[in-house]
Amino acid sequence: MNVEEDSRKIKSLVSAFSKALKSFLTALPVLTGVILLMGLFKTFVTQETITSIFSGDPLRDTLIGSALGSILTGNPITSYIIGGELLKNGVSLFAVTAFILAWVTVGITQLPAEAVFLGRRFALARNGLSFILAIVIAAATVLTLGAII
Amino acid sequence: MYFLVFVILLYIFIFWLSPEKVLSSIETSIQIFIQVVPVIIAVIFLMGISNYFLKPKTVMKYLGKESGTKGWLLAISFGILSHGSIYVWYPLLKELKEHGMRIGLIAAFLYNRAVKIPLLPLMIFYFGVPFVAVLTLYIIIASFVEGKILEKVG
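The shown structure was predicted, so the numbers you read here are calculated from the model rather than taken from an experiment. (Residues numbered from 1 in each chain as written. Chains lettered and ligands numbered in written order. Predicted model: local features only at pLDDT ≥ 70, side-chain atom pairs only at ≥ 80, totals over all residues.)

J.: Got a minute to help me understand the overall build of chain A in this structure?
T.: Scanning chain A for helices and strands turns up 7 helices and 0 strands. Going from N to C terminus, chain A has its helices and strands arranged as α-α-α-α-α-α-α. For 149 residues, the compact-globule formula gives about 15 Å, and the C-alpha radius of gyration of chain A, at 21 Å, lies well above that figure. A total of 149 residues make up chain A; the buried ones form 43% of that total. Taking all contacts inside chain A whose residues are at least 6 apart in sequence as the whole, residues at least 24 apart take part in 81%. (Helix = DSSP H or I, 4+ residues; strand = E, 2+ residues; numbered from the N terminus. Rg over C-alpha atoms; globule rule 2.2 N^0.38 Å. Buried ≥ 20, exposed ≤ 12 C-beta atoms within 10 Å, placed from the backbone. Contact = placed C-beta atoms within 7 Å.)

Given below as structure tokens:
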């Protein structure tokens, strides 16, 4: 009885791991595409390019900030460094906050992968909502800071 | 599949315009891939474990429709604690969703990845403690709001 039970458990464990591996292999093409795209972005989009995009009007800049953060991706450390530089160059805190927030919460490059795993509707809705929330939270954060400091 | 083909065609097109940049991009992509591999292995392992241990009933109880506040707290905490590239977490989330995890919690998990504890010192260096504290609080609140909205809509 024990040997039977053990062999069932082992089979179930093996099947659990093979399911996990299979699910990964089906995702490999999209994953590879996305990593290649990320490589392109890191090479082509420089710091000067980014700083030259901001206009000076806080409202427009916040929108631009969220949009830019949505497109750019990668290690958030990069977004903090870019954000710091933008602040030094006089870009408004609203825009910089939206930028760093959209960087981590919205991912245009990640959309295909997210759609494959979690459904197109969910991926589009979540990213769209996160884009808007980046602006809302940026406003809320800066206004709160203004009120408490 | 079409997406990968598109990216490869893009590379070929850009190679025609600027070969060195493309080579540099490929090099960067390989670096990214190497960084990602250990996390991928960890996640495949985690998925295997969760496939084995997490029967639908368990997932339903902690992260399903009736999970309530505990479910949100779990999703928020794990979102904050999760590390590595987001791509490697998608398959695990898909499994959890198929086992019954609410999409609101999945959204909250993903959103809370915006809070990265190891990077907080760097953020404070650039933006100061009050900014980081307020922003982090709002991120957590927003993750809950976003989750709720997505559940109503989707």
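Alright, that's what it looks like, and here's the rest.
J.: I would appreciate a short explanation of the overall build of chain B in the present structure.
T.: The secondary structure content of chain B amounts to 8 helices and 0 strands. Helices (α) and strands (β) of chain B occur, in sequence order from the N terminus, as α-α-α-α-α-α-α-α. Of all 154 residues assigned to chain B, the portion counted as buried reaches 35%.

J.: I'm lost on the interface of chain B and chain A in this one. Help?
T.: When the parts of a complex come together, some accessible area is lost, and that lost area is often taken as the interface size. With 49 residues of chain B at the contact, the number on the chain A side is 54 residues. Within the residue set of the side of chain B that touches chain A, elements represented by two or more residues are α1 (2-17), α2 (19-53), α5 (90-98), α6 (103-111), α7 (120-127) and α8 (129-153) of chain B. Per element, the largest residue contribution to the side of chain B that touches chain A is 13 residues, and it comes from α2(B). The class makeup of the residues in the side of chain B that touches chain A is 36 nonpolar, 7 polar and 6 charged. (Nonpolar A, V, L, I, M, F, W, Y, C, P; charged D, E, K, R; others polar.)

J.: Is there a simple way to explain the domain arrangement of chain A in this structure?
T.: Residue and element names in this part refer to chain A. By domain assignment, chain A separates into domain 1 (1-42) and domain 2 (45-148). The distance between the C-alpha centroids of domain 1 and domain 2 comes to 33 Å. With 8 residues of domain 1 at the interface, the matching set in domain 2 holds 10 residues. Across the side of domain 1 that touches domain 2, the residue classes break down as 7 nonpolar, no polar and 1 charged. (Domains from an automatic or database assignment.)

J.: Mind showing me how you'd approach the nonpolar core here?
T.: As a rule of thumb, soluble globular proteins bury nonpolar side chains together. All names here are of chain A. Ala-98, Leu-101 and Ala-134 are the most contacted members of the largest nonpolar core, which totals 74 residues. Looking at this core element by element, the count peaks at 11 residues for helix α5 (residues 93-105). Those residues in contact with Ala-98 that lie beyond four places of it in its chain are Thr-62, Gly-65, Ser-66, Gly-69, Ala-134, Ile-135 and Ala-138. (Core = buried A, V, L, I, M, F, W, Y, C linked by C-beta atoms within 7 Å.)

J.: Please clarify how the domain arrangement of chain B should be interpreted in this entry.
T.: Looking at the assigned domains, one finds that chain B contains domain 1 (1-40) and domain 2 (54-153). Spacing between the C-alpha centres of domain 1 of chain B and domain 2 of chain B amounts to 30 Å.

J.: For this particular structure, what's the right way to read the environment of B:Ser29?
T.: When you line up the elements, B:Ser29 lands in helix α2. Residues B:Ser29 and B:Met123, 94 residues apart in the sequence, show an inter-C-alpha distance of 26 Å. Residues within four places of B:Ser29 in sequence aside, it is in contact with A:Ile35, A:Leu36, A:Met38 and A:Gly39.

J.: Please explain the packing of α5(A) against helix α7 (residues 120-148) of chain A as it appears in this structure.
T.: Helix packing geometry: the angle between the two helix axes and the distance between the axes. Residue and element names in this part refer to chain A. Orientation of α5 relative to α7, taken along the N-to-C sense of each, is 140 degrees, at an axis distance of 8 Å. Taken together, the axes of α5 and α7 are oblique relative to one another. Once α5 is placed against α7, the crossing between them reads as right-handed. Contact residues: Leu-93, Phe-94, Thr-97, Ala-98, Leu-101, Ala-102 and Thr-105 in α5; Ser-130, Phe-131, Ala-134, Ile-135, Ile-137, Ala-138, Ala-139, Thr-141 and Val-142 in α7. (Axes fitted to C-alpha atoms, helices over the stretch in contact; angles between N-to-C directions. Parallel < 35°, antiparallel > 145°, perpendicular 65-115°, else oblique. Left-handed = near helix turned anticlockwise from the far one by under 90°.)

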